[in-house]
Amino acid sequence: MRIESDSDTVTASRNHLVFAYYVTGHGFGHATRVVEVVRHLINAGHDVHVVTGAPDYVFTSAVQSPRLFIRKVLLDCGAVQADALTVDRLASLEKYKETAVVPRESILATETEWLHSINADLVVSDVVPVACRAAADAGIRSVCVTNFSWDFIYAEYVMAAGIHHRSIVWQIAEDYSHCEFLIRLPGYCPMPAFRDVIDVPLVVRRLHKSRKEVREQLGIGEDVKLVIFNFGGQPAGWKLQEHYLPSGWLCLVCGASQDQELPPNFIKLAKDVYTPDIMTACDCMLGKIGYGTVSEALAYKLPFIFVRRDYFNEESFLRNMLEYYQGGVEMIRRDLLTGHWAPYLEHATTLRPCYDGSINGGEVAARILQDTAAGKNYVSDQLSGPRRLRDAIVLGYQLQRAPGRDISIPEWYINAQSELGLRTSVGLKAGTALIQSSSTEEFEILHGDVQGLPDTMTFLKSLANLNAGHDSGKSVDVLQVRERKAAAKLFNWEEEIFMTRAPGRLDVMGGIADYSGSLVLQMPIREACHVAIQITHPSKQRLWKHALARQEAKGQGPTPVLQIVSYGSELSNRSPTFDMDLSDFMDGEKPISYAAAREYFAKDSSQKWAAYIAGTILVLMTELGVRFENGISMLVSSAVPEGKGVSSSASVEVASMSAIAAAHGIKISPRDLALLCQKVENHIVGAPCGVMDQMTSSCGEANKLLVMLCQPAEVLGLVDIPGHIRFWGIDSGIRHSVGGADYGSVRIGTFMGRKMIKTIAASMLPQSSNGDLHQSDLEDDGIELFEAESSLDYLCNLSPHRYEAVYAKMIPESVTGDAFLEKYADHCDSVTVIDPKQSYGVQAPARHPIYENFRVHTFKALLTSIVSDEQLSALGELLYQCHYSYSACGLGSDATDRLVQLVQEMHHAKKDKPEDGTLFGAKITGGGSGGTVCVLGRNSLKSSQQIIEIQKRYERATGYLPFVFEGSSPGAGKFGYLKIRRRTTKLNG
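Analysis parameters
Residues numbered from 1 in each chain as written. Predicted model: local features only at pLDDT ≥ 70, side-chain atom pairs only at ≥ 80, totals over all residues. Heavy atoms only, no water. Helix = DSSP H or I, 4+ residues; strand = E, 2+ residues; numbered from the N terminus. Axes fitted to C-alpha atoms, helices over the stretch in contact; angles between N-to-C directions. Parallel < 35°, antiparallel > 145°, perpendicular 65-115°, else oblique. Left-handed = near helix turned anticlockwise from the far one by under 90°. Contact = heavy atoms within 4.5 Å. Core = buried A, V, L, I, M, F, W, Y, C linked by side-chain atoms within 4.5 Å. Buried < 20%, exposed > 50% of the residue type's maximum accessible area, 1.4 Å probe, protein only. Domains from an automatic or database assignment. Salt bridge = Lys/Arg side-chain N within 4 Å of Asp/Glu carboxyl O. Pairing = 2+ DSSP bridges.

An unreviewed UniProt entry annotates the protein chain as L-arabinokinase originating from Kalanchoe fedtschenkoi.

Laid out in structure tokens, this is it:
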């Protein structure tokens, strides 16, 4: 049911009515919309008792009347926020239990008595659950007014952070079921607990002053651009700086503390300022999404630059509505904190928000409440059953969605909203076959799902621009021009194109111990490699001129050719294109050897990069017997930076092999695909890496750590990253390479240590011929231990205490290659070769994986322990220990040591100022010798600010501003593949 009204007032009732209006304790947004409904009720001659924890001025600044009574009681807590942008899910559940569950019986008794004492005619709730039950106990009708309910919000918290609190959700839903009906506001979430629904327009506060009046009062002319900084009442300690704003701009700051000093181009607003009037005087707003900010921005056509909040699920539905009416620009959190505001402000001023619906929801809701209190019964909504079913299904989607993904609102749910007479939001269809973007509407998706990934949308946009021949108009490097010209000629745009995606990875724990059989914990990062591929019959393949000339010179007619374009060549001094006849991979009737392929790609250093991509074809030919009879055209675009220790090579290999397999209909499990990609790196590229990089890129999932036992590659599962913990990667600027001498030397030293331990263990067995040991000298258990250690497959299967008790003193600090070979003959590693003339460290490289495996197991166990500073400190200590163990092996660097030291300074600052310490540990990652440092901290805005401070300090010390990796994304297996085709006709409108 939907009710709208063209009138400006609620008709005065013949009866004087008393309303008890309960307001949730979450933020000011609920209170500000309640004000508007209350104002209309009071103007109609009724008394309204508001039960709230919000400050009085929120109500009294808009309503001055003796009929308004404010009772300061808090009966729920909403979402507990660690800061302005982060919700603490577990703390929210625990706080609700403390506030509303433990004292429930006394609350119900108190509220029932109070409702009788004021002779309430109707209980209204926005959207306090227990108020509905108290009304039922008092024998009074109740109505809820909201766009979301707490059972919807808390359900996800229970799934992710507190399953033992699930009874809270059931209790909340049961409380809501006592409500007679729901007055539902635009931008709503699924709310299946309510029996009947009445939809109303936007509820927004009215304006008291015009834009001109406000600017005159502030002394600001029309020639000045104004942005209102509005992050609600949550203190965040914003460190605002003058350079954040472009010339000609001023910022009006809401919620600043009295002692907070602001730059001259930032103006502090009074805490009781009437925000709607300020908004109408501004050119745009910068803040977080909530019902109040979104509804008033739409109503007054104010462009809204928003920053996403973590773990507040109402946001997706409101953002959907905001973007549908072309009123929103998303700013990433890092740009907010570093002051990179100018592009967003400039973009916002070009928006023309187009909301044209009614904004008298307060007046409409008040009339419904008045009629209900006077005894009117609204007819049960005939669509109530289907509506509740739809809500329940979408709620189920919400709870089952992959971590890190937005709620994907099905299109049929949007259509259902239209059936109910409400068209205030629009969504994306799950598994959509259409990209809702003007830049990519040329393509139809025949298979797969973009999964809401912004980088995938960007890559599709780049393909559309190639197809259309677009030029951005920006100044670009000559090589970039070459790349795009070559890419534009790569595909037949009338035929199908396959697309895959594989992320880089952040080595949280395990690192170089992977090749020694350690447990490892790895996180797929947000940055990823995309590959587009098309297979074409040789006679139809679009060849570059030189490739065509080469083919004609052979005089054999059309033969399959591999053509590759790789974006980003200008960053690494390599050729942007590569091509070869696929017949070059054949030696008669069989594929060429891996050694021959390594020599093939090494001929031209500017095209050696192609081994990572083309090598996947040879591995498929060799290992799976695949034969490629069609031409292959590939476009590779990687956002995973090279040489920073975040597996740029693995992401390219995994994305490339996934694309080739998808295009040719080859079914390969994510695990098997990772093992095949490792062969590319080990045998064709020639880098002696373990398999954890490829495994994470292929098998990882967003916001989870991949748990893998590298013996040789057993994926044990995934561990959710707790909501209060966050990982960052900070690039040192020192290029890392697993093909470097240090990495290979340490690996050789590790395998030398294993060989020595095996030999020592064998010599301790009774059958040893040295005569030093007799059967009676050993217990049976001791014999079994030495037998196992004499055939040790993986060094990590030796425990630290056993290593210290028996072997530590027998392992030399170092040994020369010729001395080792003379005594032991071989170190038993198929991917490295000992140089007889080189000296190798042995003691530290052998010790590291034994202790690292123990640290990883401990880290994994601690992740699921009780949330506390002690937990975070213990996790951080394990990172620090790992870091210094790398250094002992010779895989450290001054740059990474400096970053770890900066983290430690932040960490130890909390001893004097606890609120200043939210970072707890750091370590070098991957192959070491530079690259990226992994940092562990509390998931809070303060931590993000400290990471930025570390960036600045590092830049001051070194002149290099480090890149920060944050966020996570799905692995290639979870992403699957897209199959796209150009549309024959473009979409209309």
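Participant: Report on unusual backbone geometry, specifying residues and quantitative values.
Facilitator: In this model, D126 is joined to V127 through a cis peptide bond whose omega is -15 degrees. Locating V127 in the fold gives a position in the loop between β6 (122-126) and α5 (129-138). A positive phi angle is found at N703, which is not glycine, with a value near 60 degrees. Tracing the backbone shows N703 in the loop between α24 (692-699) and β24 (704-709).

Participant: How would you sum up the packing of α5 against helix α7 (residues 166-177)? Please name residues and give values.
Facilitator: At their nearest, the axes of α5 and α7 sit 7 Å apart, and the two run at 50 degrees to each other. The orientation of α5 relative to α7 falls into the category oblique. For the crossing formed where α5 meets α7, the hand is left-handed. Residues P129, V130, C132 and R133 of α5 lie in contact with α7, whose contacting residues are I172, E174, D175 and Y176.

Participant: For the nonpolar core, give the residues involved together with the corresponding values.
Facilitator: Among the nonpolar cores identified, the biggest contains 68 residues, and F19, Y21, F59, I183 and L369 are the most heavily contacted of them. In terms of residue count, the dominant contributor to this core is helix α1 (residues 29-43) (seven residues). Two domains each put at least three residues into this core: domain 1 (18-204 + 368-377) and domain 2 (211-350). Grouped together as the second largest cluster of nonpolar side chains are 48 residues, C529, L618, V685 and A972 included.

Participant: Explain the pattern of salt bridges to me, using residue names and the numbers behind them.
Facilitator: Within the structure shown, the criterion is met by 38 salt bridges. Linking R141 and E180 is a salt bridge whose minimum nitrogen-to-oxygen distance equals 2.4 Å. In this pair, R141 is assigned in the loop between α5 and β7 (142-146) and E180 in the loop between α7 and β8 (181-184), connecting sequence segments 39 residues apart. Taking the relative accessible area as the measure of exposure, R141 reaches 22% and is therefore partly exposed. Given the relative accessible area of 23%, E180 is considered partly exposed. As a salt-bridge pair, D869 and R938 come within 2.4 Å of each other at their nearest N and O atoms. Of this pair, D869 sits in helix α30 (residues 869-889) while R938 sits in strand β30 (residues 932-938); the two residues are 69 residues apart in sequence, bridging distant segments of the chain. Accessibility expressed as a relative area gives 36% for D869, which makes it partly exposed. A network of salt bridges, in which partner residues are shared, links R211, R215, E222 and D283.

Participant: Which residues make up the pairing of β24, and what values go with them?
Facilitator: The side chains of a regular strand alternate between the sheet's two faces. The element β24 is extensively covered by neighbouring structure, given that six of its six residues are classed as buried. Burial along β24 is two-sided: the face carrying K704, L706 and M708 and the face carrying L705, V707 and L709 are both buried. Taken together, the four bridges between strand β18 (residues 519-536) and β24 define a ladder with antiparallel strand orientation. What sits directly across from L521, in β24, is V707. Alignment of β24 against strand β25 (residues 714-720), held across six bridges, turns out to be antiparallel. Paired with L706 across the strands is L718, a residue of β25. Between the antiparallel neighbours β24 and β25 lie four residues.

Participant: Explain the sheet that holds strand β13 (residues 284-288) to me, using residue names and the numbers behind them.
Facilitator: Strands sit in the order β12-β11-β10-β13-β14-β15 across an open sheet of six strands; the sheet is parallel. Pairing within the sheet leaves two strands with one partner each, and these edge strands are β12 (266-268) and β15 (328-330). The mean angle between the axes of side-by-side strands here comes to 25 degrees, regardless of whether they run parallel or antiparallel. In this structure, β13 lies alongside strand β14 (residues 304-307), joined through four bridges in parallel fashion. Considered in β14, the bridge of L286 is made with I305. Its contacts with the sheet put helix α11 (residues 314-324) on β14 and β15, and the angle it makes with β14 is roughly 155 degrees.

Participant: So what's going on with the sheet that holds β6? Which residues, and what values?
Facilitator: The seven strands are arranged β3-β2-β1-β6-β7-β8-β9 in an open sheet whose pairing can be described as parallel. If you trace the sheet from one side to the other, it starts and ends with β3 (68-72) and β9 (197-199), each paired once. For this sheet, the mean inter-axis angle between neighbouring strands, taken without regard to orientation, is 20 degrees. Two strands pair when backbone bridges link them, and β8 and β9 are joined in this way by three bridges, in the parallel orientation. By the bridge assignment for β9, R184 is matched with D199. In this fold α5 packs onto β1 (18-23), β6 and β7, with an angle of close to 165 degrees to the strand it touches most, β6. Lying over the sheet, helix α14 (residues 361-373) contacts β1, β6, β7, β8 and β9, oriented at roughly 165 degrees with respect to β8.

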